[in-house]
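Below, each chain spelled out in residue letters.
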Amino acid sequence: MSEAVLRDAIEATDGRQKMVLALLAIGGEPMGRKRIYDHLAPLGEYKTESALTEDMAQLKAQGLVTESVGRGFVIAPAATWPAIEYTLRQQRLNQLRAVYEHVTQVRRDWHGNF
């Protein structure tokens, strides 16, 4: 996918689709639909999983995400920075980081270090 086509595809997405892309970019690993929903529902992005299902189908059709059967969805590498940049411009990166940290527990030692 050329840079111009990628830029147009990202611009064609709505805000909550951009948040899906940003979550996948930050996570850096495949995520299933349920896990994506669990991260974005607390932010008010999705009321139902069916709405997320529709958005994931659109993102796949645009080539912005791919699905690995049994593992989940991953973001197209070239879409990673534009997705994170969107959250920075909208001042939502810290919200997304906080919910990611809450939902996806990271192992820490007894000092609280990673």
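Residues numbered from 1 in each chain as written. Predicted model: local features only at pLDDT ≥ 70, side-chain atom pairs only at ≥ 80, totals over all residues. Heavy atoms only, no water.

Trainee: How do you make sense of the overall build of the protein chain when you look at a structure like this?
Mentor: Assigned secondary structure in the protein chain consists of six helices and two strands. Sequence-ordered secondary structure for the protein chain, helices as α and strands as β, is α-α-α-α-β-β-α-α. Against the 2.2 N^0.38 benchmark of 13 Å for 114 residues, the protein chain shows a C-alpha radius of gyration of 14 Å, consistent with a compact globule. By the burial criterion, 39% of the 114 residues in the protein chain qualify as buried. By sequence separation, contacts in the protein chain at least 24 residues apart represent 61% of the contacts at least 6 residues apart. When the accessible surface of the protein chain is totalled, it reaches about 6,800 Å², and 51% of it is carbon and sulfur. Side chains of the protein chain give 14 positive and 14 negative charges; the mean places of these two sets differ by 4 Å. (Helix = DSSP H or I, 4+ residues; strand = E, 2+ residues; numbered from the N terminus. Rg over C-alpha atoms; globule rule 2.2 N^0.38 Å. Buried < 20%, exposed > 50% of the residue type's maximum accessible area, 1.4 Å probe, protein only. Contact = heavy atoms within 4.5 Å. Areas by Shrake-Rupley, 256 points an atom, 1.4 Å probe, with all protein chains shown as cover. Lys, Arg positive; Asp, Glu negative; His and termini not counted. Charge placed at Lys NZ, Arg CZ, Asp CG, Glu CD.)

Trainee: Even after reading the chapter, I still don't get helix α1 (residues 3–11), so can you show me in this structure?
Mentor: Each α-helix turn comprises 3.6 residues. Residues three or four places apart therefore point the same way. Buried within α1 we find Leu6, Ala9 and Ile10. Each buried residue of α1 lies within a common arc of 95° when the element is viewed along its axis, so the set occupies one face. Looking at α1, the residues exposed on the side facing more than 90 degrees away from the buried face are Asp8 and Glu11. Lining the buried residues of α1 we find α2 (15–27) and α5 (80–89). (Arc of directions from axis to C-beta.)

Trainee: Any chance you could explain the packing of α2 against helix α3 (residues 33–40) here in plain terms?
Mentor: Each pair of packed helices can be summarised by the angle the axes make with each other and by the distance between the axes. Their axes nearest at 11 Å, the elements α2 and α3 cross at an angle of 105°. As judged from the angle between their axes, α2 and α3 are roughly perpendicular. Facing Met19, Val20, Leu23 and Leu24 of α2, the residues of α3 in contact are Ile36, His39 and Leu40. Split by residue class, the contact of α2 with α3 holds six nonpolar, one polar and no charged. (Axes fitted to C-alpha atoms, helices over the stretch in contact; angles between N-to-C directions. Parallel < 35°, antiparallel > 145°, perpendicular 65-115°, else oblique. Nonpolar A, V, L, I, M, F, W, Y, C, P; charged D, E, K, R; others polar.)

Trainee: Quick question: what am I supposed to make of the layout of surface pockets here?
Mentor: The gaps of empty space that remain are located by a probe, the size of a water molecule, rolled over the atoms. Approximately 150 Å³ is the volume attributed to the largest pocket. Split by residue class, the lining of the largest pocket holds five nonpolar, no polar and six charged. (1 Å grid on protein atoms, 1.4 Å probe; cavity = no way out; pocket = protein on both sides within 12 Å on 5 of 7 lines; lining within 4 Å. Points joined across faces, edges and corners; volume = space filled by probe spheres on them.)

That's the geometry; what it means functionally is another story.
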